[in-house]
Amino acid sequence: MTSSPLSGKHIVLGITGGIAAYKSAMLTRLLVKAGAEVQVIMTPNAREFITPVTLSTLSGKPVITDFFSANTGEWHSHVDLGLWADAFVVAPATASTIAKMACGVADNMLVTSYLSTRARVFIAPAMDFDMMRHPSTARNIATLRADGCVIIEAAEGELASHLTGKGRMEEPENIVRVLEDAFRPAASSLSGKKILITAGPTYEKIDPVRFIGNYSTGRMGYAIANEAAARGAEVTIVSGPVGHFDLHPGVTVVHVESAIEMLEQSQKAFADADIAILAAAVADYRPAVRYDSKIKREEDGIRSIELVKNPDIAATLGNAKRPGQFLAGFALETDHELDNARRKLARKNLDMIVLNSLRDPGAGFGVPTNKVTLVFAGNDPIVELPLKPKTEVAADILDYISR
Ligand code: CTP
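Residues numbered from 1 in each chain as written. Predicted model: local features only at pLDDT ≥ 70, side-chain atom pairs only at ≥ 80, totals over all residues. Heavy atoms only, no water.

Describing the domain arrangement of the protein chain
Here is step 1: Here the domain parsing of the protein chain yields domain 1 (10-183) and domain 2 (188-402).
Here is step 2: Once you take the C-alpha centre of each, domain 1 and domain 2 turn out to be 40 Å apart. (Domains from an automatic or database assignment.)

Below is the structure:
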């Protein structure tokens, strides 16, 4: 039997005061069975629903509720606990705890430890149907998602209130599965996959010494290429003119200059690719005439250059896409960002668009960081990621595509 990716992991399991707390006993058992070390923190209300004795027996560790132990006066360090954790799981998470986490109200050991942790955070909401769909709960959940927490969506079904709807805590087996997926070593998650990436600017020649180009450095595309190769993919990067990047051995670079060359090479690589991620900043236009000799300076007057439209590589691949192929594009916008991104997604037949706004400081061309929003075809909710290094953004993008 292969061991669980949770084996040896430190998991803080936060339990809050809801009927679904009874399921946390099973969750604790499954986590321990998977080889994880589990430290349970209960909110004071949670103790009304399930006894600490059950949970300390199952986890093999005393349950923490208060900042101090009533018996010994020992102080429970929320900072140490937060740093000890590899995963911080709140299941069930009531509307009240979700609100406190979203706003940073540190009035109990659970939320205080949450604020101190650097671990990945997973939240499994459970509450009544009407509380679940209340705008304030939706807003708080969206805030936590934007803060980088993974929300393990509540399921539909009969609730403790006898109402039927969305609000049941996800089953413990499924929560464990989400955690295992998150901790599965990335090394082989894309093995056997062929990935095409376009990166960098295109140069559209005016004459032998001049071109029309843009400020793209290729950094985002190369970060995705290296990360995909590190996860076992066979990567072809069709790259416009860029500076030097260290490359993972699993990356093959095809150097191109113009949009037309980039299209040709991308079409070739797309034919047997599973995934294409188009991060290049392709020039929309090129000079209608390319001069073979250097244009000389005129003594007077205005010189104009007539431009013709370049092919849209994303739309061309989108048209040729076969079932099972996944096509992702980027959109760099300055205004009406989300609307523009959604329109682009549809027009180019993409499955996902990575939106960055030039209005966000630290996002876009030439900087080592990026702040992106992932927009998907279909009904999947958008994902707003915080500002982070492009290498981490690359990992996030691939995580979402792998899912
Ligand atoms: N793209 C492409 N070929 C082009 C233009 C864009 O493949 N000729 C791709 C980009 O690599 C990116 C996506 O399409 O993945 C969106 O690029 P963007 O420049 O934002 O879109 P445009 O269609 O050029 O729209 P606009 O410039 O009007 O915003």
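Anyway, onward from the coordinates.
As for the sheet that holds strand β4 (residues 120-125)
Here is step 1: The parallel open sheet is built from 5 strands, whose spatial order is β2-β1-β3-β4-β5. In this open sheet, the two strands that pair with only one neighbour each are β2 (37-42) and β5 (150-151).
Here is step 2: Of the strand pairs in this sheet, strand β1 (residues 10-15) and β2 are connected by 6 bridges, and their pairing is parallel. Within β2, the position partnered with I15 by the bridge is M42. (Pairing = 2+ DSSP bridges. Helix = DSSP H or I, 4+ residues; strand = E, 2+ residues; numbered from the N terminus.)

Things to note about the site of the ligand
Here is step 1: As a matter of local geometry, the ligand sits amid 15 residues, with L278, A280, F330, K344 and K348 nearest to it.
Here is step 2: Residue L278 places a main-chain N or O atom 2.7 Å away from an oxygen atom belonging to the ligand.
Here is step 3: Here an oxygen atom of the ligand and a side-chain polar atom of K344 are 2.6 Å apart.
Here is step 4: Considering the ligand on its own, with 570 Å² of exposed area, one finds that the protein chains cover 76% of that surface.
Here is step 5: A molecule is said to occupy a pocket when more than half its atoms come within 2 Å of that pocket's grid points, and by this definition the ligand occupies the second largest pocket.
Here is step 6: Considering each element in turn, the shell around the ligand owes the most residues, 4 residues, to strand β16 (residues 326-333). (Near = heavy atom within 4 Å. Polar contact = N/O pair within 3.5 Å; in protein donor to acceptor, adjacent residues only side chain to side chain. Areas by Shrake-Rupley, 256 points an atom, 1.4 Å probe, with all protein chains shown as cover. 1 Å grid on protein atoms, 1.4 Å probe; cavity = no way out; pocket = protein on both sides within 12 Å on 5 of 7 lines; lining within 4 Å. Sits in = over half its atoms within 2 Å of the grid points.)

Describing the nonpolar core
Here is step 1: Within the largest apolar cluster, 32 residues are counted, with the highest numbers of intra-cluster contacts made by I195, I224, V235, I277, L374 and I397.
Here is step 2: The element contributing the most residues to this core is helix α9 (residues 219-230), with 7 residues.
Here is step 3: Not counting residues within four places of it along the chain, the set of residues in contact with I397 comprises M220, I224, F330, M352, V354 and L374.
Here is step 4: Formed by 31 residues, the second largest nonpolar core is a distinct cluster that contains A36, M42, L55 and V176. (Core = buried A, V, L, I, M, F, W, Y, C linked by side-chain atoms within 4.5 Å. Buried < 20%, exposed > 50% of the residue type's maximum accessible area, 1.4 Å probe, protein only. Contact = heavy atoms within 4.5 Å.)

Some words on helix α10 (residues 259-270)
Here is step 1: For α10, spanning 12 residues, the distance from its first C-alpha to its last is 16 Å, which sits close to the expected 16 Å at 1.5 Å a residue.
Here is step 2: Of the residues making up α10, those classed as buried are A259, M262, L263, S266, A269 and F270. Down the axis of α10, the sector holding all buried residues measures 135°, keeping them to one side.
Here is step 3: On its buried face, α10 is in contact with β8 (194-199), β9 (204-207), β11 (234-239), β13 (275-278), α11 (313-320) and β16. (Expected span 1.5 Å × (residues − 1). Arc of directions from axis to C-beta.)

Structural notes on the layout of surface pockets
Here is step 1: Reported here for the largest pocket is a volume of approximately 1800 Å³.
Here is step 2: Lining the largest pocket are 46 residues, with V150, A182, D399, Y400 and R403 positioned closest to its centre.
Here is step 3: Put simply, the parts of the chain that give the lining of the largest pocket at least two residues each are α5 (109-116), β4, α7 (135-146), β5, α8 (172-183), β20 (383-384) and α13 (390-402).
Here is step 4: Class assignment of the residues belonging to the lining of the largest pocket gives a composition of 25 nonpolar, 4 polar and 17 charged.
Here is step 5: Here the lining of the largest pocket gathers at least three residues from each of two domains, domain 1 (10-183) and domain 2 (188-402). (Points joined across faces, edges and corners; volume = space filled by probe spheres on them. Nonpolar A, V, L, I, M, F, W, Y, C, P; charged D, E, K, R; others polar.)

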